[in-house]
Amino acid sequence: MKKIVITLLLFAMVSISMTACGKEEHTANYKEGHSVNYDNALLATHYNALEELAYDAGLIIEAELTGKTKEIPFRSTRYKLTEVKVKKVIKGDIALNSNVVQLLEIASLSMDPHKNNILFLDKYEGPVTNDAHVVVGLYQGRFKINDDNLVVYDADKSNGVKHFQAAVEGLDTRTFEQQIQEAIKNARPPKSNLPQLSEAEQKLAEEESHKIFLEDRKRIEEEEKRIAEEKKLKEGANK
């Protein structure tokens, strides 16, 4: 439950602005070919060390974008599924080697189509889609690999945060992967960038999040059922 709450909060806080009571919101603007601006993205965590990023990542991979994407409108936000092919598993399920995984992002904050990357990921749990991962720290866990096989981190050019990432820029991928392996061995939890909730407030937040999750899941199931029934009727009419 805690993981679901954290993941849903991460996506919700990036895509919409809310009052303390959560009653006022507006949708992030999105256009094809948009330029990303992370300035208004509220981050749950600022990762100050590679060890912190490695701690929160259930899956770390060297990956190649396949060019396949899919948009998912959900509530007042447009999400984007991006397919990547796993070239190497650095941490996580090695059975994913040479397979593809789906990355879920908010469309207006989706990553550019840079082909090769090292990605720090976590499994998405929520109502938007059933099988996907998210980049840890929204964009902090994405490192591009350029044509010279060197690490590039340029989120700061889009008003994103840049902490330890400056120290790994320009490293060759082999050296960076060695540093990641050391970071995995010495992984430590990061400090939250959000106000600390009391036990009662945290319990209420988890209950509300679970309620929203169940309501959204029910709505999705009803929509899928409606589509299936319409398809069945259409096939019957064509016979």
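All chains use their own residue numbering, which begins from 1 and follows the written sequence. Given that the model is predicted, a residue must reach a pLDDT of at least 70 before its local features are reported, and side-chain atom pairs must reach 80 or more before they are shown or counted; all residues, however, enter totals for whole chains, interfaces and linings. Each side-chain value is worked out from all heavy atoms of the structure, with water and hydrogens disregarded.

## Details of the overall build of the chain
Going by this rule: The numbering of helices and of strands both runs from the N terminus, where a helix is a DSSP run of H or I of at least 4 residues and a strand a run of E of at least 2. Only protein chains enter the accessibility calculation, which uses a 1.4 Å probe. A residue is then buried if its area is under 20% of the maximum for its type, exposed if over 50%, and partly exposed in between. Here a residue-residue contact requires only that any non-hydrogen atoms of the pair lie within 4.5 Å.
Per the secondary structure count, the chain includes five helices and seven strands. Along the chain, helices (α) and strands (β) appear in the sequence α-α-β-β-β-β-β-β-β-α-α-α when read from the amino end. Here the chain holds 239 residues, and the buried ones make up 41% of them. Pairs at least 24 apart in sequence give 66% of the contacts found in the chain among residues at least 6 apart.

## Brief notes about unusual backbone geometry
One non-glycine residue, serine 98, lies in the positive phi region at around 70 degrees. If you trace the backbone, serine 98 turns up in the loop between strand S2 (77–91) and strand S3 (100–106). Not every positive phi belongs to a glycine, and asparagine 159 is a case in point at roughly 70 degrees. Structurally, the position occupied by asparagine 159 is in the loop between strand S7 (151–152) and helix H3 (165–168).

## Focus: the nonpolar core
Selection criterion: Put simply, buried Ala, Val, Leu, Ile, Met, Phe, Trp, Tyr and Cys residues joined by side-chain atoms within 4.5 Å make one nonpolar core.
Ile60, Ile118, Phe120, Tyr139, Phe143, Phe176 and Ile180 are the most contacted members of the largest nonpolar core, which totals 27 residues. Breaking this core down by element, the ones donating at least two residues are helix H2 (50–56), strand S4 (116–123), strand S6 (142–145) and helix H4 (173–185). Residues in contact with tyrosine 139, not counting those within four places in the same chain, are Tyr38, Leu43, Tyr153, Ala155, Gly160 and Val161.

## Thoughts on the confidence of the model for the chain
Convention followed: Values of pLDDT, which run from 0 to 100, indicate the predictor's confidence residue by residue.
Confidence in the prediction of the chain, expressed as mean pLDDT, is 79, and 73% of residues score 70 or more. The spread of mean pLDDT over the elements of the chain runs between helix H1 (residues 2–15), the lowest at 42, and H4, the highest at 97. The low-confidence segment residues 1–34 (pLDDT under 50) makes 60 contacts with residues lying over four places distant or belonging to another chain.

## Here's the deal with the packing of aromatic side chains
Quick note on the threshold: To pair, rings of Phe, Tyr and Trp, with the six-membered ring standing in for Trp, must have centres within 6.5 Å; the planes then decide the type, stacked if under 30 degrees apart, edge-to-face if over 60, and tilted in the middle.
Evaluated as defined, the whole model comprises four aromatic pairs. Measuring from ring centre to ring centre gives 5.7 Å for phenylalanine 120 and phenylalanine 143, while their planes differ by 65 degrees; the resulting arrangement is edge-to-face. With a gap of 23 residues between them, phenylalanine 120 in strand S4 and phenylalanine 143 in strand S6 connect regions that are remote in the sequence. Ring geometry for phenylalanine 143 versus phenylalanine 164: centroids 6.4 Å apart, planes at 50 degrees, classification tilted. Of the two residues, phenylalanine 143 sits in strand S6 while phenylalanine 164 sits in the loop between S7 and H3, which places them 21 residues apart along the sequence. A relative accessible area of 0% places phenylalanine 143 in the buried class. A residue is classified by how much of its surface remains accessible, and phenylalanine 164, at 11% relative accessible area, is buried.

## Regarding H4
The criterion, for reference: Expected span, for any helix, means 1.5 Å times one less than how many residues it has. Starting at the helix axis, one direction is taken to each C-beta atom, and the arc is that of these directions.
Over its 13 residues, H4 extends 18 Å from the first C-alpha to the last, a length consistent with the 18 Å expected when each residue adds 1.5 Å. For H4, the set of buried residues is Thr173, Phe176, Glu177, Ile180 and Ala183. Here the buried residues of H4 occupy an arc of 115 degrees about the axis, which is enough to place them on one side. Residues of H4 that are exposed and point more than 90 degrees away from the buried face comprise Arg174 and Lys185.

## So, the pattern of salt bridges
Which entries qualify depends on this criterion: In what follows, salt bridge is the name for a side-chain nitrogen of Lys or Arg lying within 4 Å of a carboxyl oxygen of Asp or Glu.
Overall, the coordinates contain 12 salt bridges when judged by the stated rule. Glutamate 64 is the salt-bridge partner of lysine 115, the closest N and O atoms lying 3.8 Å from each other. Taken together, the residues lysine 115 in the loop between S3 and S4 and glutamate 64 in strand S1 (residues 59–74) connect sequence positions 51 residues apart. When its relative accessible area of 47% is taken as the criterion, lysine 115 is described as partly exposed.

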